[in-house]
Number of protein chains: 2
Amino acid sequence: MDPEAIAKQFTDFYYNTFDNNREALRSLYRDHSMLTWEGQPVAGANGITEKLTTLPFAKVLHKVTTLDAQPSSQVAANLLVFVTGLLVVDDSPNPLQFSQTFQLIPDNGTYYVLNDVFRLNYGA
Amino acid sequence: MDPEAIAKQFTDFYYNTFDNNREALRSLYRDHSMLTWEGQPVAGANGITEKLTTLPFAKVLHKVTTLDAQPSSQVAANLLVFVTGLLVVDDSPNPLQFSQTFQLIPDNGTYYVLNDVFRLNYGA
């Protein structure tokens, strides 16, 4: 499967899970995974899951605007995934712009998230 | 040096070079480097340099708003760098928001760019 197809499959699953059953994102991370959420670093599947499930909004919907993917290693099938999109929070009429980067690492026929960096994009 | 310090040093150099002497960015890329610019994939130092030096603006200024960094390998000192910022193009009074991800690979005491993904962030 080409990088774009894997990235599309991953982000479809990731944001659908985030929006509907955030606790289930735990399976995508490992003990050595890293998340930087709005500048705050969190490490490990447990810490990352706790961070994601305690964000200060109840209802959230991600809409992906752009999706780019590149192989990120010369020796393994690692994948860099870069997303920009809109975040609709608690039915607010004003979606927030966000951008997010993942690095996916192949593992037994699937992928886990080693790197995850999320930022809201505020206007000038 | 910690990841944030390396990322700061790299982005200071990268955007200063981009804004003042774009051709000199060539030294940061290798033959197997990848750039995805607004969804367009370009490969190799020569192709990337040609792309960057022929972008449709004469004068450009990058202002970094946020900078995040994470180690991106368990076996090497690779570094994921994530930037959001503003792009002032040809003295336009309306800066454009951008986000950009790099993966830096250590090489003989310095770093080169293996991955580079750039996107402008348009409003909702």
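Residues numbered from 1 in each chain as written. Chains lettered and ligands numbered in written order. Predicted model: local features only at pLDDT ≥ 70, side-chain atom pairs only at ≥ 80, totals over all residues. Heavy atoms only, no water.

For chain A, an unreviewed UniProt entry supplies the name Nuclear transport factor 2 and the organism Hygrophoropsis aurantiaca.

J.: Give a description of the overall build of chain A that names residues and reports values.
T.: Scanning chain A from terminus to terminus reveals 2 helices and 6 strands. Helices and strands appear in chain A in the N-to-C order α-β-β-α-β-β-β-β. Considered along the principal axes of its C-alpha atoms, chain A spans approximately 45 × 30 × 25 Å. Relative to its 124 residues, chain A shows a buried fraction of 52%. At a minimum sequence separation of 6, the contacts of chain A that also span at least 24 residues come to 45%. On chain A, roughly 5,800 Å² of surface is accessible, and the fraction owed to carbon and sulfur atoms is 53%. (Helix = DSSP H or I, 4+ residues; strand = E, 2+ residues; numbered from the N terminus. Buried < 20%, exposed > 50% of the residue type's maximum accessible area, 1.4 Å probe, protein only. Contact = heavy atoms within 4.5 Å. Areas by Shrake-Rupley, 256 points an atom, 1.4 Å probe, with all protein chains shown as cover.)

J.: Explain the side chain of T84 of chain A to me, and be specific about the residues and the numbers.
T.: Mapped onto the fold, T84 of chain A is located in strand β4 (residues 79-89). Among all residues touching T84 of chain A, those that are not within four sequence positions of it are V64, T65, T66, F98 and S99 of chain A together with S99, R119 and N121 of chain B.

J.: Now, about the confidence of the model for chain A: what can you tell me, with residues and values included?
T.: Taken residue by residue, chain A gives an average pLDDT of 95. The fraction at 70 or more is 98%. For this predicted complex, the interface confidence reaches an ipTM of 0.95, while the overall pTM sits at 0.96. (pLDDT = per-residue confidence, 0-100.)

J.: Can you break down the pattern of salt bridges residue by residue, with the values?
T.: All names here are of chain A. For the structure on display, the rule yields 10 salt bridges over all chains. Where R26 meets E23, a salt bridge forms, and the shortest distance between an N and an O atom there is 3.1 Å. Among the ionic pairs, K59 bridges to D91, the shortest N-O distance being 3.1 Å. Residue K59 is found in the loop between α2 (45-53) and β3 (60-71), and its partner D91 is found in the loop between β4 and β5 (96-107); the two are separated by 32 residues along the sequence. (Salt bridge = Lys/Arg side-chain N within 4 Å of Asp/Glu carboxyl O.)

J.: Describe the interface of chain A and chain B, naming the residues involved and giving the relevant values.
T.: Contact residues are listed per partner, giving 32 residues for chain A and 33 residues for chain B. Summed over both sides, the interface of chain A with chain B buries roughly 2,500 Å², with 55% coming from carbon and sulfur. Linking chain A with chain B are 2 salt bridges. Across the pair D68 of chain B and R119 of chain A runs a salt bridge, and its minimum N-O distance is 2.8 Å. Linking chain A to chain B there are 15 residue pairs in polar contact (both at pLDDT 80 or more). At the level of secondary structure, the elements contributing two or more residues to the side of chain A that touches chain B comprise β1 (29-37), β3, β4, β5 and β6 (110-120) of chain A. If you tally residues by element for the side of chain A that touches chain B, the top one is β6 of chain A, at 6 residues. In terms of residue class, the side of chain A that touches chain B is built from 12 nonpolar, 17 polar and 3 charged. (Buried area = accessible area lost by both parts, 1.4 Å probe. Polar contact = N/O pair within 3.5 Å; in protein donor to acceptor, adjacent residues only side chain to side chain. Nonpolar A, V, L, I, M, F, W, Y, C, P; charged D, E, K, R; others polar.)

J.: Give me the sheet that holds strand β4 (residues 79-89) of chain B: which residues, what numbers.
T.: Residues and elements named next belong to chain B. Spatially, the 6 strands line up as an open sheet ordered β2-β1-β6-β5-β4-β3, and their pairing is mixed. Only two strands of the sheet have a single neighbouring strand rather than two, namely β2 (40-43) and β3 (60-71). Direction aside, neighbouring strands of the sheet carry axes that sit 20° apart on average. Pairing geometry for β4 and strand β5 (residues 96-107), over 9 bridges, is antiparallel. Looking at β5, one finds that T84 is bridged to S99. On the sheet, helix α1 (residues 3-20) packs against β1 (29-37), β3, β4, β5 and β6 (110-120) and is oriented at approximately 155° with respect to β3. The sheet contacts of helix α2 (residues 45-53) involve β1 and β2, and relative to β1 the element is tilted by about 40°. (Pairing = 2+ DSSP bridges. Axes fitted to C-alpha atoms, helices over the stretch in contact; angles between N-to-C directions.)

J.: Which residues make up the relation of the copies chain A and chain B, and what values do they have?
T.: Once turned by 180° and shifted 0.0 Å along the axis, chain A lies on chain B with an RMSD of 0.0 Å. Such values leave the two copies arranged in the relation of a two-fold axis. Mapped onto chain B, 100% of the interface residues of chain A are again interface residues, and the two copies thus contact each other with one and the same surface. (Least-squares fit on C-alpha atoms with pLDDT ≥ 70 in both.)

J.: Would you mind going over α1 of chain B in detail, with residue names and values included?
T.: Residue and element names in this part refer to chain B. Between its terminal C-alpha atoms α1 stretches 25 Å, which fits the 26 Å expected from 18 residues at 1.5 Å a residue. All of the buried residues in α1 are I6, A7, F10, T11, Y14, Y15, T17, F18 and D19. For α1, the elements touching its buried residues are β1, α2, β3, β4, β5 and β6. (Expected span 1.5 Å × (residues − 1).)

J.: Now, about α2 of chain A: what can you tell me, with residues and values included?
T.: Residue and element names in this part refer to chain A. The set of residues buried in α2 consists of A45, I48, T49, K51 and L52. Axial view of α2: buried residues confined to an arc of 160°, hence all on one face. Residues of α2 that are exposed and angled more than 90 degrees away from the buried face: N46 and E50. Elements in contact with the buried residues of α2: α1 (3-20), β1 and β2 (40-43). (Arc of directions from axis to C-beta.)

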